[in-house]
Structures are given as C-alpha cells and as structure tokens.
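One-letter residues, chain by chain:
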Amino acid sequence: MLECKHLYKRYGNQKKNAVDDLSLTIESGRIFGFLGPNGAGKSTTIKMLVGLLKPDQGTIQFDGKNSKTDALSYKQSIGYVPDEPVFYERMTALEHLTFIADIYEVEQKVRKARIDELSKTLLLSDALSDQISSYSHGMKQKLSVIAALLPSPKLLILDEPMVGLDPKASYILKQLLKSYAQAGNTVFFSTHVLEVAQQLCDTLGIIKEGRLLYCGTFEQLQADAGEGTENLEQLFLELTDEGTPS
Ligand SMILES: Nc1ncnc2c1ncn2[C@@H]1O[C@H](COP(=O)(O)OP(=O)(O)OP(=O)(O)O)[C@@H](O)[C@H]1O
C-alpha cells in the first residue's frame, strides 16, 4: 500500500505551493490515475514519490517503508518512468538494461529471461543492440518502461507514459499495466489523456493548484457529480473549472 500524508512542496522562487496538503492511499493491486491540468502539481508529486524531490512537509510510505527513514529499501521497491527519460546515449539498450540490472541487483540467472520477455512484449527485441542515440522518442519511452519493470518493483510510477507511443505500443503498455496490477503490484501514473484514465484506472486522483480535488473510483466520481455528466472529460473540466474548449 502507498500512503502519502499531508505532503507540501514549494519551489524557492514561487509564491504558491506546487503541492498543497496532499494525502492519498492506494491499495496494492490497484491502478491509480493522476489527472490534472497543466501546472497542477502532478510531476512535483511524482518526483517526491520517487525520491527526486524532498517534501517540505509530510510523509510517504510504501508497504511500511518510509521514504525518508528507510530510503534505500523504499527506493528499491519502486520502478519509475519519467516524462522525459534520460540515458547515456552512447550505450546500447542492452548495456543500459544490464547497468540497471546491476544497480538493482537483479540476479544473473533471471535478468536475461526478463530482458527477453519485456523487450519482446514491447516490440524492442530487434533494437536491443543499437545505440540509444539512434532511438526515436517512442523507442526511448519503451526502453524506459522495460528498465523500470526489470527489477520487478512492487510499485510502478509513470509520468505521462503514453506520450510518444504509437497506438499499438500504447495498447500493449495498457495491457502490461493491467496485468502488472493484477499480479498484486501497484501502478501510479499521470496522464492528460482522460480516456486512458477511464479505461485503465481503478482509482482516480484529480489535482488542481497543488490540491487534491477528488480521489476515488470513476463510478463514485460520476455518482458524486450527479445526473447528466456522462463522461470523464466533462466531469474533469467541471471539477478543474477549465471550461469547455471552443
Ligand atoms: N523546477 C521548478 N521551479 C519552479 N517552479 C516549478 C518547477 N517545477 C514546477 N514548478 C511549478 O510548480 C507547479 C506544479 O508544476 P508541475 O510540473 O508539478 O505540474 P504538472 O501537473 O506536472 O504540469 P504538466 O501537466 O504541465 O506537466 C507549477 O506552477 C510549476 O510552474
């Protein structure tokens, strides 16, 4: 279970909190979709969850491990797919994955099978020996997903994972995330694509100006919003007060 309590973050040069008293709990085996307009605080929250940013206040725990006091074991439980993956571009994809396997101490006897399986699933097997510098954005995105899943983390956190993926790759990733959660792991991802959240998530969190406006299932959200609000897009626009685009 992932549990955040009263998280706050303000960047040095800003007048408002980027994340403002955010608390949420996500049970194991769930897919949590994190939605919000541009600048709402999604990436800031994710960077705190993965340990790249320190919260000004608040606590984060996963399966009883505190992100501050048990930092190493906490981080060992997490796979992270950033919004813009960064690689040592001169490495081949296989060298990168071997490097990740070394860092996460993935056993020699399982790592090859796992790399083979994941790269086959994400249709990257034929390009594993190529230098990452030759990869397209979508291929880098797939490599980042493979690297994150390689150590079999109990918690997978993805920042806008569908961006840059073609429809087939996007479909494959959605199936992968579903089966990953069904195996008892927790998936947390941010997206602007409301349809993706609707198709994939058990639980949604909607954030605006750093504050969590809603957290619950889509069905609860629809019930709370009352009659006449048919789809998530309409609900989302109403909640975040973005207005309907003309
Ligand atoms: N490095 C930074 N320095 C200063 N302010 C920042 C920094 N990163 C983000 N912010 C500010 O914090 C707030 C939240 O930004 P964040 O990137 O977390 O939003 P987001 O929901 O991920 O947005 P998007 O959907 O556009 O990626 C915004 O007001 C943004 O301007």
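The protein chain has the name ABC transporter ATP-binding protein in an unreviewed UniProt entry, where Sphaerochaeta associata is given as its organism.

Comments concerning the pairing of strand β10 (residues 211-216)
Here five bridges tie strand β9 (residues 203-208) to β10, and the two strands are oriented antiparallel to one another. Within β10, the position partnered with I206 by the bridge is Y214. Hairpin connection, β9 to β10: the antiparallel pair is bridged by two residues, and E209 has positive phi, about 50°.

Quick word on the site of the ligand
Every residue lining the ligand is accounted for by Y11, N13, Q14, A18, G36, N38, G39, A40, G41, K42, S43 and T44. Residues belonging to the shell around the ligand are distributed by class as follows: three nonpolar, eight polar and one charged.

Some details on the domain arrangement of the protein chain
Once the domains are mapped, the protein chain shows domain 1 (1-77 + 155-246) and domain 2 (86-152). With four residues, the top contributor of residues to the side of domain 1 that touches domain 2 is helix α6 (residues 167-182). In terms of residue class, the side of domain 1 that touches domain 2 is made up of seven nonpolar, two polar and one charged.

Thoughts on helix α4 (residues 108-121)
An α-helical turn contains 3.6 residues, so a residue and the one three or four places further along point in the same direction. With 14 residues, α4 extends 21 Å from end C-alpha to end C-alpha; this agrees with the ideal 20 Å at 1.5 Å per step. Within α4 the residues assigned to the buried category are I115, L118 and S119. The buried side chains of α4 occupy one side of the element, clustering within an arc of 95° when seen end-on. Away from its buried face by more than 90 degrees, α4 exposes K109, V110, A113, D116 and K120. Taken together, the buried residues of α4 touch α3 (93-103) and α5 (137-149). Trailing α4 by a residue or two, L123 shows a phi angle of about 55°, which is positive.

Here we look at unusual backbone geometry
Within the chain, E105 stands out as a residue other than glycine whose phi angle is a positive 55°. Relative to the elements of secondary structure, E105 occurs in the loop between α3 and α4. A positive phi is found at S152, a non-glycine position, where the angle reads about 50°. Inspection of the secondary structure puts S152 in the loop between α5 and β7 (155-159). For S152, a count of 14 C-beta atoms within 10 Å corresponds to the partly exposed category.

Considerations on the sheet that holds strand β6 (residues 78-81)
Spatial strand order, β6-β7-β8-β3-β9-β10: six strands in an open sheet with mixed pairing. This sheet does not close on itself; its edge strands, each paired only once, are β6 and β10. Each adjacent strand pair in this sheet contributes to an overall mean axis angle of 15°, direction not counted. Both strand β3 (residues 31-35) and strand β8 (residues 186-190) contribute to a ladder of four bridges, which runs parallel. Looking at β8, one finds that I31 is bridged to V187. Across the sheet, α5 lies against β6 and β7, angled at about 175° from β6, the strand it touches most. Along the sheet, α6 contacts β3, β7 and β8; its crossing angle with β8, the most-contacted strand, is approximately 145°.

With respect to the sheet that holds strand β5 (residues 65-66)
With antiparallel pairing, the four strands of this open sheet are ordered in space as β2-β1-β4-β5. Both edges of this open sheet fall to β2 (19-26) and β5, since each of them pairs with a single strand only. Pairing geometry for strand β4 (residues 57-62) and β5, over two bridges, is antiparallel. Bridging from a neighbouring strand, Q61 pairs with N66 of β5.

Rules behind the numbers
Residues numbered from 1 in each chain as written. Predicted model: local features only at pLDDT ≥ 70, side-chain atom pairs only at ≥ 80, totals over all residues. Pairing = 2+ DSSP bridges. Helix = DSSP H or I, 4+ residues; strand = E, 2+ residues; numbered from the N terminus. Near = placed C-beta within 6 Å. Nonpolar A, V, L, I, M, F, W, Y, C, P; charged D, E, K, R; others polar. Domains from an automatic or database assignment. Expected span 1.5 Å × (residues − 1). Buried ≥ 20, exposed ≤ 12 C-beta atoms within 10 Å, placed from the backbone. Arc of directions from axis to C-beta. Contact = placed C-beta atoms within 7 Å. Axes fitted to C-alpha atoms, helices over the stretch in contact; angles between N-to-C directions.

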